[in-house]
Amino acid sequence: MVFSVSIRVDWDRQPVSVHAEDADVLESLIQYLKQQHNLRKRSIVMPDRETGGFLFFLYQVCDPRWIASFIEQHEAGE
């Protein structure tokens, strides 16, 4: 199944925040980052009280290309 993934990352805040309308998309991203890039220091997914949807925080360095790769894979239906 091919679907569009809409993820917004606020690289300017500390810690970095990752936002999406769907909590399942963020959970999938977390699993991808954990399995593919050993990224483990992050918060749980929680409601975004400022803009709606959901978010989590990253507490370690994350290459923006890793998130771009996740989006590309999901939009391609992999």
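Residues numbered from 1 in each chain as written. Predicted model: local features only at pLDDT ≥ 70, side-chain atom pairs only at ≥ 80, totals over all residues. Heavy atoms only, no water.

1. Description of the overall build of the chain
Right, on to step 1. A count of helical and extended segments in the chain gives 2 helices and 4 strands.
Right, on to step 2. Secondary structure of the chain in N-to-C order comes out as β-β-α-β-β-α.
Right, on to step 3. Computed over C-alpha atoms, the radius of gyration of the chain comes to 12 Å, within 12% of the 12 Å expected from 2.2 N^0.38 for 78 residues, which places it in the range of a compact globule.
Right, on to step 4. Its C-alpha atoms give the chain principal-axis dimensions of roughly 30 × 25 × 20 Å.
Right, on to step 5. Within the chain, the proportion of its 78 residues that are buried is 37%.
Right, on to step 6. Across the chain, contacts joining residues at least 24 apart in sequence account for 51% of those joining residues at least 6 apart.
Right, on to step 7. Here the chain displays about 5200 Å² of accessible surface, and carbon together with sulfur accounts for 49% of that area.
Right, on to step 8. Charge-centre separation for the chain: the mean point of 8 positive side chains lies 11 Å from the mean point of 12 negative side chains. (Helix = DSSP H or I, 4+ residues; strand = E, 2+ residues; numbered from the N terminus. Rg over C-alpha atoms; globule rule 2.2 N^0.38 Å. Buried < 20%, exposed > 50% of the residue type's maximum accessible area, 1.4 Å probe, protein only. Contact = heavy atoms within 4.5 Å. Areas by Shrake-Rupley, 256 points an atom, 1.4 Å probe, with all protein chains shown as cover. Lys, Arg positive; Asp, Glu negative; His and termini not counted. Charge placed at Lys NZ, Arg CZ, Asp CG, Glu CD.)

2. What about the environment of Ala20?
Right, on to step 1. Considering the arrangement of structural elements, one finds Ala20 in strand 2 (residues 16-20).
Right, on to step 2. Classification of Ala20 as buried rests on a relative accessible area of 7%.
Right, on to step 3. C-alpha separation for the pair Ala20 and Leu58, spaced 38 residues apart in sequence, amounts to 14 Å.

3. Remarks on unusual backbone geometry
In terms of backbone geometry, most residues other than glycine have negative phi values and most peptide bonds are trans.
Right, on to step 1. With omega at 0 degrees, the peptide bond leading from Gln14 into Pro15 counts as cis.
Right, on to step 2. Relative to the helices and strands, Pro15 is located in the loop between strand 1 (7-10) and strand 2.
Right, on to step 3. Positive phi is not limited to glycine here, since Asn38 has a value of about 55 degrees.
Right, on to step 4. In this structure Asn38 comes out as partly exposed when scored by relative accessible area, which is 48%.

4. A look at the sheet that holds strand 2
Right, on to step 1. One open sheet holds the 4 strands; their spatial order is 1-2-4-3, and the pairing between them is antiparallel. Two strands close off the open sheet at either side, each with one partner strand: strand 1 and strand 3 (46-47).
Right, on to step 2. When strand 3 meets strand 4 (residues 54-58), the two strands line up antiparallel, connected through 2 bridges. Opposite Met46, over in strand 4, you have Leu55 as the bridge partner.
Right, on to step 3. The strands touched by helix 1 (residues 23-37) are strand 1, strand 2 and strand 4; relative to strand 4, the strand with the most contacts, the crossing angle is about 25 degrees. (Pairing = 2+ DSSP bridges. Axes fitted to C-alpha atoms, helices over the stretch in contact; angles between N-to-C directions.)

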